[in-house]
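Coordinate inspection notes
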Amino acid sequence: MLVGFLNKEDSKLKNPATLKFSSGVNGDRDFRTGMESYKHNNPTTPKTQKRWLTFLGLTLLAGAIVILAHSQLFAVAAKPIQNSTPNLATSPAFFLPVAKPHPLPPTLAQWQDHTHSGDYFSQVEKTEVGYLVWSQFPIRVYVEIPKAIAPEAAQAWVSTVLKAVQQWSIYLPIKVVETSQLADIIILQKVPPLQISPDNKIPRARSALTTYVLYATDNTLRHRFTILLHPGQTGKYLLAAARHELGHALGIWGHSPLKSDALYFSQVTNPPPISPRDVNTLKRVYEQSTSLGWTLPK
Ligand SMILES: [Zn+2]
């Protein structure tokens, strides 16, 4: 059952004049609205909630992405969307499992960066539940076939997204599954909701939006990701967007300051492949503590 949800977004600017690079991963966080929706969705008492509950927060990764080639896609003014998150850390409704590290997946344990390129782990956010580490492998990914476009175009879209999945599967065991119910990560072709940042009243379109929800199953805290990829993205830009968002969903909940990394906060003309710095960062994330994948306290 859904407890709450967190999200991370990547945006394109509606108007280049509003270009503003958000200072960090959580620049647009607002817990208040999220708390309201949390209460609304979970009207039971804290005790009875225990088995049902979940909690979610909405964490916004506010990297501003500028894609001039597609800026016309965002020429429409829109109603602002509020993004929010319940603050799990301060919610009295439940207790999180004690955060501990999981064993490092062999694929990452074996990884050696002979180029000594370093990492950008300092830019990765520690969430209310710790780092967003997967502990059950393979990670199950579902890629929905777009229905609103011609079958050939839909197939090309799925193939491109699967290429990004395959690129990451070198570093973490990933399996593509046929139904969304079984998936840990769901990837959809869908226009992400527009966003308004607190200090900027102009709605910003997003090229992609990645969100996660927390839930409990078998008394264990789990998470699930949804990635929305804008239908306007095609070719190498679609591949880059899918690669970037998958990086978030696999645990890199932050952005690189370097253009040569897949998790750079903005899209670039010639998107780079997954870099040694991306993998070094991913490996460091998987060495960290998390409440995910551990048993909820009684
Ligand atoms: Zn991003």
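The structure contained in this document is the topic of the report that follows. Residue numbering note: each chain is counted from 1, following its sequence as written. In keeping with the predicted nature of the model, local features appear solely for residues at pLDDT of at least 70, side-chain atom pairs appear and are counted solely at 80 or more, and the whole-chain, interface and lining totals rest on all residues.

**Thoughts on the overall build of the chain**
Convention followed: Each helix is a run of H or I in the DSSP string that is no shorter than four residues. Each strand is a run of E no shorter than two, and both are numbered from the N terminus. With C-beta atoms placed from the backbone, a residue is labelled by how many other C-beta atoms lie within 10 Å of its own: buried for 20 or more, exposed for 12 or fewer, partly exposed between the two. Contact definition: two residues whose C-beta atoms, as placed from backbone geometry, lie within 7 Å.
In terms of helices and strands, the chain carries six helices and 11 strands. Split into buried and exposed, the 298 residues of the chain put 44% on the buried side. Long-range contacts, defined as pairs at least 24 residues apart, comprise 83% of the intrachain contacts of the chain with a sequence gap of at least 6.

**A few points about the nonpolar core**
Rules: We call a set of buried Ala, Val, Leu, Ile, Met, Phe, Trp, Tyr and Cys residues a nonpolar core when their C-beta atoms link them within 7 Å.
Judged by nonpolar contacts, the single largest core of 51 residues is most densely connected at Ile 185, Ile 187, Ile 227, Leu 229 and Ala 242. Where this core is concerned, the elements lending two or more residues are β4 (139-143), α4 (151-168), β6 (185-189), β9 (206-217), β10 (220-229), α5 (235-250) and α6 (276-286). Sort the elements by how many residues they give to this core and α5 lands first, with eight residues. Filtering out sequence-adjacent residues up to four positions away, Ile 227 remains in contact with Ile 185, Ile 187, Ala 208, Thr 210, Glu 245 and Ala 249.

**Here's the deal with α5**
For clarity, the cut-off: One fewer than the residue count of a helix, multiplied by 1.5 Å, yields its expected span.
The terminal C-alpha atoms of α5, which comprises 16 residues, lie 22 Å apart, in line with the 22 Å expected from a rise of 1.5 Å per residue. With 13 of its 16 residues buried, α5 lies for the most part within the structure.

**So, the environment of Pro 106**
Within the element layout of this structure, Pro 106 appears in helix α3 (residues 106-109). C-alpha of Pro 106 to C-alpha of Leu 172: the two residues are 66 residues apart in sequence and 8.3 Å apart in space.

**Things to note about the pairing of β4**
Here is the rule: Should DSSP find at least two bridges between two strands, the strands are regarded as paired. Call a crossover right-handed when, viewed with both strands pointing away from you, the route from the first strand across the helix to the second goes clockwise.
Side chains Ile 139, Val 141 and Val 143 of β4 all project onto a buried face; the interleaved residues Arg 140 and Tyr 142 project onto a face where none is buried. Taken together, the three bridges between β4 and strand β5 (residues 174-176) define a ladder with parallel strand orientation. By the bridge assignment, Val 141 is partnered in β5 with Val 176. What joins β4 to β5 is α4, and the crossover it makes is right-handed. Pairing of β4 with β6, which is carried by three bridges, proceeds in the parallel orientation.

**As for the pairing of β9**
Counting buried positions over the 12 residues of β9 gives 10, a clear majority of the element. Hairpin connection, β9 to β10: the antiparallel pair is bridged by two residues, and Asp 218 has positive phi, about 50°.

**Here we look at the packing of α4 against α5**
Heads up, the condition is: Note on geometry: axes are lines fitted to C-alpha atoms, helical ones only across the stretch in contact, with angles between N-to-C directions running from 0 to 180 degrees. Convention used here: angles under 35 degrees read as roughly parallel, angles over 145 as roughly antiparallel, angles from 65 to 115 as roughly perpendicular, and any remaining angle as oblique. Each helix crossing is assigned a hand: it is left-handed if the near helix lies turned anticlockwise from the far helix by less than a right angle, otherwise right-handed if that turn is clockwise.
In contact at an axis separation of 9 Å, α4 and α5 are set at 45° when each is read in the N-to-C sense. Judged on the interaxial angle alone, α5 and α4 are oblique. Relative to α5, α4 is oriented so that their crossing is right-handed. Counted together, Trp 157, Thr 160, Val 161, Lys 163, Ala 164, Val 165, Gln 167 and Trp 168 of α4 and Leu 238, Leu 239, Ala 242, Arg 243, Leu 246 and Leu 250 of α5 form the full contact between these two elements.

**Brief notes about α4**
Keep this limit in mind: By construction, the arc corresponds to the directions joining the helix axis to the C-beta atoms.
Over its 18 residues, α4 runs 26 Å from end to end, which matches the ideal 26 Å to within 8%, given 1.5 Å per residue. Taken as a whole, α4 has its buried residues at Trp 157, Thr 160, Val 161, Ala 164 and Trp 168. On an axial view of α4, the arc spanned by its buried residues comes to 95°, and they lie on one face. Exposed residues on α4 whose side chains face more than 90 degrees from its buried face are Pro 151, Glu 152, Ser 159 and Gln 166. Looking at the buried side of α4, the elements it contacts are β4, β5, β6 and α5.

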